[in-house]
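Remarks on the overall topology
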Amino acid sequence: MKNLNRYDKFLVIFILISSIVLYGSMEYFVRASTGGQKVAVVSYKNEEVLRIDMSIDSNYTVSGTLGDVTIEVLDSKIRVEKETSPYHLCSIQGWVEYANVPIVCLPNHIVILIEGTNVSPNNEDAVIK
């Protein structure tokens, strides 16, 4: 920062602070949109094939284009444990615990998306505040 003038230093500081604020707000949005109870929706070729309650630790198997895909749920987190694909990218992705962070296994046409369920005391589907 030796050859920077006053305005350049101000710009660098402004960009750093803006980046931190944006990252924090996105992190808050992802955590807040998950809700209390989580359900993972497993889709094969855009059709829902399985709904998983993420509060129950278990293993599930669904059929993909290239073979079976094994899904593991542990401590309210989900991952693809085993699958048949050339590079195993969906199993390398690892654990996911928040909504809006999908697990996509393109060779097998499997998509796993977490939804946060907000259930009202009257058993209504949505809560409007």
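Everything discussed here concerns the structure shown above.
Here is a short report on the structure shown in this document. Every chain is numbered on its own, with residues counted from 1 as its sequence reads. pLDDT decides what is reported in this predicted model: residues at 70 or higher carry local features, side-chain atom pairs at 80 or more are listed and counted, and totals for whole chains, interfaces and linings draw on all residues regardless. Derived side-chain values reflect all non-hydrogen atoms in the structure, with water molecules and hydrogen atoms excluded from consideration.

1. Regarding the overall build of the protein chain
Formally: Secondary structure elements are defined from DSSP: runs of H or I of at least 4 residues count as helices, runs of E of at least 2 residues count as strands, and each element is numbered from the N terminus. Partly exposed describes any residue whose relative accessible area lies between the buried limit of under 20% and the exposed limit of over 50%, with all areas from a 1.4 Å probe on protein chains only and scaled to the type maximum. Note on contacts: a residue pair qualifies if any of its non-hydrogen atoms lie within 4.5 Å across the two residues. Surface exposure here means Shrake-Rupley accessible area, sampled with a 1.4 Å probe, where a residue is shielded only by the protein chains that are shown.
For the protein chain, the helix and strand inventory stands at two helices and seven strands. Out of the 129 residues in the protein chain, the part that is buried amounts to 25%. Across the protein chain, the fraction of contacts at a sequence separation of at least 24, relative to all contacts at a separation of at least 6, is 37%. Carbon and sulfur atoms make up 58% of the accessible area of the protein chain, which totals about 9,200 Å².

2. Here we look at the state of the cysteines
Here is the idea: a disulfide is a covalent bond, and it sits between the sulfur atoms of two cysteines. Stated formally: The disulfide criterion used throughout: a pair of cysteine sulfur atoms within 2.5 Å.
Within this structure, the stated rule accounts for one disulfide. Linked covalently through their sulfurs, Cys-90 and Cys-105 form a disulfide whose S-S length is 2.5 Å. Here the residue Cys-90 occupies a position in helix H2 (residues 89-92), and Cys-105 occupies one in strand S6 (residues 103-105), the gap between them amounting to 15 residues.

3. Structural notes on the side chain of Glu-83
To keep things clear, this is the line we draw: Two residue types count as positive, namely Lys and Arg, and two as negative, namely Asp and Glu; His and chain ends fall outside the count. The term salt bridge refers to a side-chain nitrogen of Lys or Arg lying within 4 Å of a carboxyl oxygen of Asp or Glu. Under the rule applied, a polar contact is a pair of N or O atoms within 3.5 Å (in protein, one hydrogen donor and one hydrogen acceptor; residues adjacent in sequence only if both atoms are side-chain atoms).
By secondary structure assignment, the location of Glu-83 is in the loop between strand S5 (77-82) and H2. Buried within the structure, Glu-83 lacks any salt-bridge partner; its nearest side chain of opposite charge belongs to Arg-79, at an N-O separation of 11 Å. A distance of 3.0 Å separates polar atoms of two side chains, one belonging to Glu-83 and the other to Ser-91. Residues in contact with Glu-83, not counting those within four places in the same chain, are Asp-68, Val-69, His-88, Leu-89, Cys-90, Ser-91, Cys-105 and Asn-108.

4. Thoughts on the nonpolar core
Threshold: Nonpolar cores were defined as sets of buried Ala, Val, Leu, Ile, Met, Phe, Trp, Tyr and Cys residues, with membership established by side-chain atoms within 4.5 Å.
Val-42, Ile-52, Ile-71, Ile-78, Ile-103, Ile-110 and Ile-112 are the most contacted members of the largest nonpolar core, which has 17 residues in total. Of all the secondary structure elements, the ones that give two or more residues to this core are strand S1 (37-44), strand S4 (68-74), S5, S6 and strand S7 (110-117). What Ile-52 contacts, discounting residues up to four positions off in sequence, is Lys-38, Val-39, Ala-40, Val-42, Tyr-60, Ile-71, Val-73 and Ile-78.

5. Description of the pairing of strand S3 (residues 58-63)
The side chains of a regular strand alternate between both faces of the sheet. Rules: Following DSSP output, two strands are said to pair if at least two bridges run between them.
As paired strands, S3 and S4 are joined by six bridges and run antiparallel to one another. Its bridge partner lying in S4, Asn-59 is registered against Glu-72. Turn length for the S3-S4 hairpin, with the two strands adjacent in sequence and antiparallel, is four residues, and the turn residue Gly-67 shows positive phi of about 145°.

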